[in-house]
Amino acid sequence: MKMMITFQNKPVPVYFTTENKQPTQKVLRILTSTLELKINKGKNALKKCLNSLISIEIKGSEAILHSYSENDTLALSLY
């Protein structure tokens, strides 16, 4: 399933797998609050990934953050 969120004034696609047991809206709320927290207080490597974010893949309780550079792609725990 594909949804869109707005992060740093740009639309970012979020892809969900069928194994996710949490309600979609709850996961999106947690995801957006976590991303906002990390862009403000995260380490430089995480900020670099978030500044070039192109898509997010949710697998269970993890968010895989895909960026323009494959080397900047990170996994982020949501729970």
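Residues numbered from 1 in each chain as written. Predicted model: local features only at pLDDT ≥ 70, side-chain atom pairs only at ≥ 80, totals over all residues. Heavy atoms only, no water.

Peer 1: Give me the lowdown on the pattern of salt bridges, citing residues and values where you can.
Peer 2: Applying the stated criterion across every chain yields a total of 1 salt bridge. Linking K59 and E57 is a salt bridge whose minimum nitrogen-to-oxygen distance equals 3.5 Å. Using a relative accessible area of 43% as the deciding quantity, one classes K59 as partly exposed. Residue class for E57 comes out partly exposed when judged on its relative accessible area of 23%. (Salt bridge = Lys/Arg side-chain N within 4 Å of Asp/Glu carboxyl O. Buried < 20%, exposed > 50% of the residue type's maximum accessible area, 1.4 Å probe, protein only.)

Peer 1: Account for the pairing of strand β1 (residues 2-7), naming residues and giving values.
Peer 2: One ladder, built from 6 bridges, connects β1 with strand β2 (residues 10-16); its direction is antiparallel. Its bridge partner being in β2, M4 is matched across the sheet by P13. Counting the residues in the hairpin turn of β1 and β2 gives 2 residues, including Q8, whose phi is positive at 55°. (Pairing = 2+ DSSP bridges. Helix = DSSP H or I, 4+ residues; strand = E, 2+ residues; numbered from the N terminus.)

Peer 1: Tell me about helix α1 (residues 24-41), and name the residues and values.
Peer 2: With 18 residues, α1 ought to run about 26 Å at 1.5 Å a step, and its terminal C-alpha atoms sit 26 Å apart, in line with that. Those residues of α1 that sit buried are V27, L28, I30, L31, T34, L35 and I39. The arc enclosing the buried residues of α1, seen along the axis, measures out at 165°, which places them on a common side. Facing away from the buried surface of α1 by more than 90 degrees, the exposed residues are Q25, R29, N40 and K41. The inward-facing, buried residues of α1 abut β1, β2, α2 (44-51), β3 (53-59), β4 (62-67) and β5 (74-77). (Expected span 1.5 Å × (residues − 1). Arc of directions from axis to C-beta. Contact = heavy atoms within 4.5 Å.)

Peer 1: Requested: an account of the packing of α1 against α2, with residues and values cited.
Peer 2: If you want to describe how two helices pack, look at the angle between their axes and the distance between the axes. Put simply, α1 and α2 touch, their axes get as near as 8 Å, and they point 125° apart. With respect to α2, the element α1 is oriented oblique. The way α1 lies across α2 gives a crossing that is left-handed. Residue-level contacts link L35, K38, I39 and N40 of α1 to L46, K47, L50 and N51 of α2. Its residues assigned to classes, the contact of α1 with α2 comprises 4 nonpolar, 2 polar and 2 charged. (Axes fitted to C-alpha atoms, helices over the stretch in contact; angles between N-to-C directions. Parallel < 35°, antiparallel > 145°, perpendicular 65-115°, else oblique. Left-handed = near helix turned anticlockwise from the far one by under 90°. Nonpolar A, V, L, I, M, F, W, Y, C, P; charged D, E, K, R; others polar.)

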